[in-house]
Amino acid sequence: MGSVVLRYQLQENTFEELGKVVFLSPPSHGSSMAGNFFTELLSPYLGKAIKQINVQKDSFVNHLKEPDYNCYVMVGNRANNPLYSVITDGESDGAVPVKSAKLENCKFKIIDGESHSSILKSDKVMQEILKYFKE
């Protein structure tokens, strides 16, 4: 959910020397994982913020503006739990649908074989980020 917080901060504040921004597995337009029966049961443990990233048009995440800065979205395409594949809509990283991660003004890449959690530790993702920063 760090990408949601970052997008909000970048929308509400001006950073004169903002460089390139990378979003890993962002629920840019929500996640069906955030608005299902299981999430409701686990909400005392997951916190109130999880409901703000559901796919509903009136959710917090769906009120954020499209970025107007240099950014790159990367998302995996492998669920590490078969149940997640049933809950999420279409191709996903297990938590965020690939189609929901995309942002209009950002470079976009699917990182083959990575899940929502493994993308954070992936050497190939780190190499891709370094390449992007050097461009």
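Whatever comes next refers back to the structure up there.
Draft legend 1. Up close: the overall build of the protein. Scanning the protein from N- to C-terminus turns up 5 helices and 3 strands. Classification of the 135 residues of the protein by burial places 41% in the buried group. Taking all contacts inside the protein whose residues are at least 6 apart in sequence as the whole, residues at least 24 apart take part in 66%.

Draft legend 2. Spatial organisation of the environment of Asn70. If you trace the backbone, Asn70 turns up in the loop between helix H2 (37-46) and strand S2 (71-76). In the structure, Asn70 is positioned 35 residues away from Asn105 in sequence and 7.8 Å away in space, judged by C-alpha atoms. Apart from the residues within four sequence positions on either side, Asn70 is in contact with Gly19, Lys20, Val21 and Tyr132. A polar atom in the side chain of Asn70 sits 2.7 Å from the side chain of Tyr132.

Draft legend 3. Structural detail: the state of the cysteines. Per the counting criterion, the structure on display carries 1 disulfide. One disulfide in the model links Cys71 with Cys106; its S-S distance is 1.9 Å. Sign of the S-S torsion, about -85° for the bond between Cys71 and Cys106, identifies this disulfide as left-handed. Taken together, the residues span a long stretch of sequence, with Cys71 in strand S2 and Cys106 in the loop between helix H4 (98-101) and strand S3 (107-111) at a distance of 35 residues. Considered together, Cys71 and Cys106 belong to a single accessibility category, that of buried residues.

Draft legend 4. Highlighting helix H5 (residues 123-134). The end-to-end C-alpha separation of H5 is 17 Å, in line with the 16 Å expected for 12 residues at 1.5 Å each. Of the positions making up H5, those classed as buried are Val125, Glu128, Ile129 and Tyr132. The buried residues of H5 occupy an angular sector of 100° when the element is viewed end-on, so they sit on one face. Opposite the buried face of H5, by more than 90 degrees, sit the exposed residues Asp123, Gln127 and Lys134. In this structure, the buried residues of H5 make contact with strand S1 (21-24), S2 and S3. The opening residue of H5 is Ser122, an N-cap whose side-chain oxygen sits 3.3 Å from the backbone nitrogen of Lys124.

Draft legend 5. Quick look at the packing of aromatic side chains. Scanning the model with the defined rule gives 3 aromatic pairs in all. Taken together through their ring pairs, the aromatic side chains of Tyr72, Tyr132 and Phe133 make up a single cluster. Positioned over the ring face of Tyr72 is Lys107, at 4.7 Å from the centre of the ring.

Draft legend 6. A look at the environment of Ala95. Here Ala95 is to be found in the loop between helix H3 (82-87) and H4. On the basis of relative accessible area, Ala95 is assigned to the buried category, the value being 16%. Separated by 17 residues in sequence, Ala95 and Arg78 place their C-alpha atoms 9.6 Å apart.

Draft legend 7. Representation of the sheet that holds S1 within the structure. Spatially, 3 strands are ordered S1-S2-S3 in an open sheet, and the strand pairing comes out parallel. At either margin of the open sheet sits one strand with a lone partner, and together these are S1 and S3. Strand after strand, the sheet turns through a mean of 20° between neighbouring axes, direction not considered. The pairing of S2 with S3 spans 5 bridges and is classified as parallel. Bridge assignment links Met74 to a residue of S3, and that residue is Lys109.

Rules behind the numbers
Residues numbered from 1 in each chain as written. Predicted model: local features only at pLDDT ≥ 70, side-chain atom pairs only at ≥ 80, totals over all residues. Heavy atoms only, no water. Helix = DSSP H or I, 4+ residues; strand = E, 2+ residues; numbered from the N terminus. Buried < 20%, exposed > 50% of the residue type's maximum accessible area, 1.4 Å probe, protein only. Contact = heavy atoms within 4.5 Å. Polar contact = N/O pair within 3.5 Å; in protein donor to acceptor, adjacent residues only side chain to side chain. Disulfide = S-S within 2.5 Å. Expected span 1.5 Å × (residues − 1). Arc of directions from axis to C-beta. Phe/Tyr/Trp six-rings, centres within 6.5 Å; stacked < 30°, edge-to-face > 60°. Lys NZ or Arg CZ within 6 Å of the ring centre and 35° of its normal. Pairing = 2+ DSSP bridges. Axes fitted to C-alpha atoms, helices over the stretch in contact; angles between N-to-C directions.

Distances and angles like these do not, on their own, reveal function.
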